[in-house]
Amino acid sequence: MIHFERVSLVYENGVCPLHGIDLRIEPAEFVFIIGSTGSGKSTLLKLIYRELIPSAGRVYVGGQDLSRIRRSRLPALRRQVGVVFQDFRLLPLKTVWENIAFVLQATGWSGREIRQRIPEALDLVGMNHRATSYPTELSGGEQQRVCIARAIVNRPPILLADEPTGNLDPATSAGIMQTLARVNESGTTLVVATHDQTTVDDMRRRVVALESAQIVRDEWAGAYHAPQYA
Amino acid sequence: MRLSTLDFIFREAAANVRRNALMSLACVTTVAVTLGFSAFVVLGFRNAENLLRHLAQELVVATYLKTDVTPQQRKVVGRRIAHIRHVQGRPILVSKEHAWRSFSATIPDSLKGEVDGNPLPDTFMITVDTPSHVAIVARRIERMPEVDRVNAPYLEAQRASAILRFTRLATTAVTLLLILVTAFLVMNTIRLTLYARRHEIRVMQLVGATNGYIRAPFILEGLALGAIGGAAACGIVAAGYPYLLHLVHRALAFDLPLINPGRQLLPFYGQIAATGAAVGALGSLVSVRKFLRPVEYHVAVQRLRPQDLERLDAERDRLERERIRVAAERTALRSLDAEINGMTKDLNGVKTATGEPKHDNAGA
């Protein structure tokens, strides 16, 4: 489903957040990308939804080489990849309902389908009761849930979450992770970038650890720290 | 296009105007003021052109017929002249009898006896639509067999034609320049509103909206704001132009053939509103392009060649070796530290047994 082939990325200022990354993620997998701040987790996600293009190597999503994809095909690719942003990126002048409807309207869904899908998505994240609220009226955890609802409402086969539990209390974090796990159970490939040790240790899923721009560990049902340090 | 798509575009455009009321007002005001000002300048030029054309119509082509032309032939010639392209209205006939009567009234009676009969010919006085056509019309008439000669104001027509051409050119240039200025101002105002909403555009891109879909509400918004601004400019002209005419009429002792503020201006109002709408839509289209560049272009990423990768690999290997060396040194230092600690402990044990003061290794 997602395949990184000797991927390196170097910014114009010489900073190299990723180097020589080889990674394969299969459909319906649940993968944690872990590492300290600045280790390249978010960059790796950005390469998957093509907010960045690699300096060298290839990134394949659903068999498509993202370096060679035509610009006109980009919207179609992005509809296949839902993204939960670390900073939520909700539109402040739109209500929760409008924020989610916006995605469907912007991608050409009919009014009937929109009215049917939004309550389902809001129900999954437990936010049906806040549909008419504005993002500024919501707590961080609630905004994160809305962000998840927005990312999954058009049922993309891939869901990326960048620090979904960052700045949230442990109880809320656990709730968010349970929601993401439910989404994964429905067959969605889930890639979560995090440095939340508790979350990773509790979930026991595949762990890909990044350090100094490289993958230093790829472990099935892994914990945050490598076994010798646990 | 699906109905839901259209509905989305209209709703988004309306919501954008509502939510960014202040910027929308700024945009409408910019269009209204610049187009209003432009309209007055253009009206000034159009009036000047009107005036010149009116003066040019005073230029008359005099056609003298041969003296043996019968009244029947004269009638036919008059009809043929009236049908020539660019001839305005019917040619005015000054018959030889009428001409003689007018002429004889101006000469002394002593001279009248000297003239044998009526030597004057029949004459047609012809008005041409524009000065540039005077020569063409005169040449066509000269070719008629019944015509003796043609007296046309060639030089005056040439001058009037040049002045008219210049005025027309100036009107077009000034109109285009003012439209450009309006477009530039509108573009900048719209760019400001777009800058405030760049995150919205980014989110739309990231959720998979096509560029056309993102662009459409903004263009519709620009079109609507431009049209409203254009309508406001029409209001300014409708209120200000009659007042200006009143001032001109009061200042001059004679009447000038100026453009009427009534029905004559209706098509001009339509042009102003259409220009506003077009400029607004165009301004939006150009402005939104900047914000629709692919997301990855916002971040400068180096393209690496194989030799760059080798260099990176070498650098990484060097850093790894350095890391291992530092780690080994740290380990060696730690074991040395442990050894010193052990020796200090032993020394203190000996000192306790002999009653000497203990050695402190904390500062070591």
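Residues numbered from 1 in each chain as written. Chains lettered and ligands numbered in written order. Predicted model: local features only at pLDDT ≥ 70, side-chain atom pairs only at ≥ 80, totals over all residues.

Colleague: I tried to follow the overall build of chain B on my own but got confused; where do I start?
Modeller: In terms of helices and strands, chain B carries 11 helices and four strands. Long-range contacts, defined here as pairs at least 24 residues apart, represent 84% of the contacts in chain B between residues at least 6 apart. (Helix = DSSP H or I, 4+ residues; strand = E, 2+ residues; numbered from the N terminus. Contact = placed C-beta atoms within 7 Å.)

Colleague: Explain the overall build of chain A to me, please; I cannot follow it from the model alone.
Modeller: From N to C terminus, chain A includes seven helices and 10 strands. Partitioning the contacts of chain A with sequence separation of at least 6, the portion at a separation of at least 24 is 66%.

Colleague: Would you take a moment to explain helix α6 (residues 134-142) of chain B for this structure?
Modeller: Residue and element names in this part refer to chain B. Residues Val134, Val137, Ala138 and Ile141 constitute the buried set of α6. Each buried residue of α6 sits inside an arc of 100° when the element is viewed along its axis, so together they form one side. If you follow the buried residues of α6, they end up packed against β1 (60-65), α3 (71-83), β2 (87-94), β3 (123-128), β4 (147-151) and α7 (154-196). (Buried ≥ 20, exposed ≤ 12 C-beta atoms within 10 Å, placed from the backbone. Arc of directions from axis to C-beta.)

Colleague: Can you walk me through the interface of chain B and chain A in this structure?
Modeller: Tallying the contact residues gives 27 residues for chain B and 30 residues for chain A. For the side of chain B that touches chain A, the secondary-structure elements that each account for two or more residues are α1 (3-19), α8 (198-206) and α11 (306-354) of chain B. Here the side of chain B that touches chain A gets five residues from one element, more than from any other, and that element is α8 of chain B. Of the residues that constitute the side of chain B that touches chain A, the class distribution is 15 nonpolar, six polar and six charged. (Nonpolar A, V, L, I, M, F, W, Y, C, P; charged D, E, K, R; others polar.)

Colleague: I keep staring at the nonpolar core and nothing clicks. Help me out?
Modeller: Within soluble globular proteins, side chains that are nonpolar generally end up buried alongside one another. Residues Ile33, Ile48, Ile100, Ala149, Leu160 and Val191 of chain A are the most contacted members of the largest nonpolar core, which totals 79 residues. No other element matches the eight residues that helix α3 (residues 96-106) of chain A contributes to this core. Among all residues touching Leu160 of chain A, those that are not within four sequence positions of it are Leu45, Ile48, Tyr49, Val81, Val83, Val84 and Val191 of chain A. Formed by 37 residues, the second largest nonpolar core is a distinct cluster that contains Val17, Ala32, Ala183 and Cys234 of chain B. (Core = buried A, V, L, I, M, F, W, Y, C linked by C-beta atoms within 7 Å.)

Colleague: Sorry if this is basic, but what is going on with α7 of chain B here?
Modeller: Residue and element names in this part refer to chain B. Spanning 43 residues, α7 covers 63 Å between terminal C-alpha atoms, matching the ideal 63 Å at 1.5 Å per step. Three or more residues of α7 are buried, namely Ala157, Ala160, Thr182, Ala183, Val186, Met187, Thr189, Ile190, Thr193 and Leu194. Against α2 (21-56), α6, α8, α9 (211-251) and α10 (266-291) lie the buried residues of α7. (Expected span 1.5 Å × (residues − 1).)

Colleague: Could you clarify how one ought to interpret the environment of Ala76 of chain A in this entry?
Modeller: With respect to the secondary-structure elements, Ala76 of chain A resides in helix α2 (residues 74-79). With 31 residues separating them in the primary sequence, Ala76 of chain A and Thr107 of chain A have C-alpha atoms 9.1 Å apart.

Colleague: Just checking my understanding: could you explain the sheet that holds strand β8 (residues 189-194) of chain A for this structure?
Modeller: Within a beta sheet, neighbouring strands are joined by backbone hydrogen bonds and run either parallel or antiparallel to one another. All names here are of chain A. Spatially, six strands are ordered β6-β7-β8-β3-β9-β10 in an open sheet, and the strand pairing comes out mixed. The open sheet terminates on both sides in strands that have one partner only, identified here as β6 (81-84) and β10 (214-219). Averaged over all pairs of adjacent strands, the angle between strand axes in this sheet comes to 15°, irrespective of strand direction. As paired strands, β6 and strand β7 (residues 158-162) are joined by four bridges and run parallel to one another. Across the sheet, residue Val83 finds its bridge partner in β7, namely Leu160. Against the sheet, helix α5 (residues 140-152) contacts β6 and β7, and its axis sits at roughly 175° relative to β6. Of the strands in this sheet, β3 (30-34), β7 and β8 are in contact with helix α6 (residues 170-185), which crosses β8 at around 155°. (Pairing = 2+ DSSP bridges. Axes fitted to C-alpha atoms, helices over the stretch in contact; angles between N-to-C directions.)

Colleague: So what exactly am I meant to see when it comes to the packing of α7 of chain B against α10 of chain B here?
Modeller: Describing two packed helices takes the angle between their axes plus the distance from one axis to the other. Residue and element names in this part refer to chain B. Orientation of α7 relative to α10, taken along the N-to-C sense of each, is 50°, at an axis distance of 8 Å. The pairing of α7 with α10 is recorded here as oblique in orientation. Note that α7 runs across α10; the crossing there is right-handed. Of the residues in α10, those touching α7 at Ile179, Thr182, Ala183, Val186, Met187, Ile190, Arg191 and Leu194 are Thr275, Val279, Gly280, Leu282, Gly283, Ser284, Val286, Ser287, Val288 and Phe291. Across the contact of α7 with α10, the residue classes break down as 11 nonpolar, six polar and one charged. (Parallel < 35°, antiparallel > 145°, perpendicular 65-115°, else oblique. Left-handed = near helix turned anticlockwise from the far one by under 90°.)

Colleague: What am I meant to see in the environment of Ala226 of chain A here?
Modeller: All names here are of chain A. Along the chain, Ala226 falls in the segment after β10. You can call Ala226 partly exposed: it has 13 C-beta atoms within 10 Å. Remark: the alpha-carbon pair of Ala226 and Ala209, spanning 17 residues in sequence, is separated by 9.1 Å.

Colleague: Explanation requested: the sheet that holds β3 of chain B in the structure shown.
Modeller: All names here are of chain B. Strand order in the open sheet formed by four strands is β2-β3-β1-β4, with antiparallel pairing between adjacent strands. Since the sheet does not close on itself, it has two edges, and those belong to β2 and β4, each with one partner. Direction aside, the axes of adjacent strands within the sheet are offset by 20° on average. Across four bridges, the pairing between β1 and β4 is antiparallel. In the strand pairing of β4, Tyr64 is matched with Arg149. Across the sheet, α3 is in contact with β1, β2 and β3; its angle to β2 comes to roughly 160°.

Colleague: Would you take a moment to explain unusual backbone geometry for this structure?
Modeller: Glycine aside, residues mostly have negative phi angles, and peptide bonds mostly take the trans form. Residue and element names in this part refer to chain A. Phi at Arg6 is positive, roughly 45°, even though this residue is not glycine. Secondary-structure assignment places Arg6 in strand β1 (residues 2-9). Positioned with a positive phi, Ala28 is a non-glycine residue whose angle comes to about 65°. On the secondary structure map, Ala28 appears in the loop between β2 (18-25) and β3. Take Ala28: there are 14 C-beta atoms within 10 Å of it, and that puts it in the partly exposed class.

Colleague: Help me out: how do you make sense of the confidence of the model for chain B in this one?
Modeller: As a note on interpretation, predicted positions should not be read in detail where pLDDT is low. The predicted model of chain B has a mean per-residue pLDDT of 83, with 94% of residues at 70 or higher. The complex model carries a pTM of 0.66, and its ipTM stands at 0.83. (pLDDT = per-residue confidence, 0-100.)

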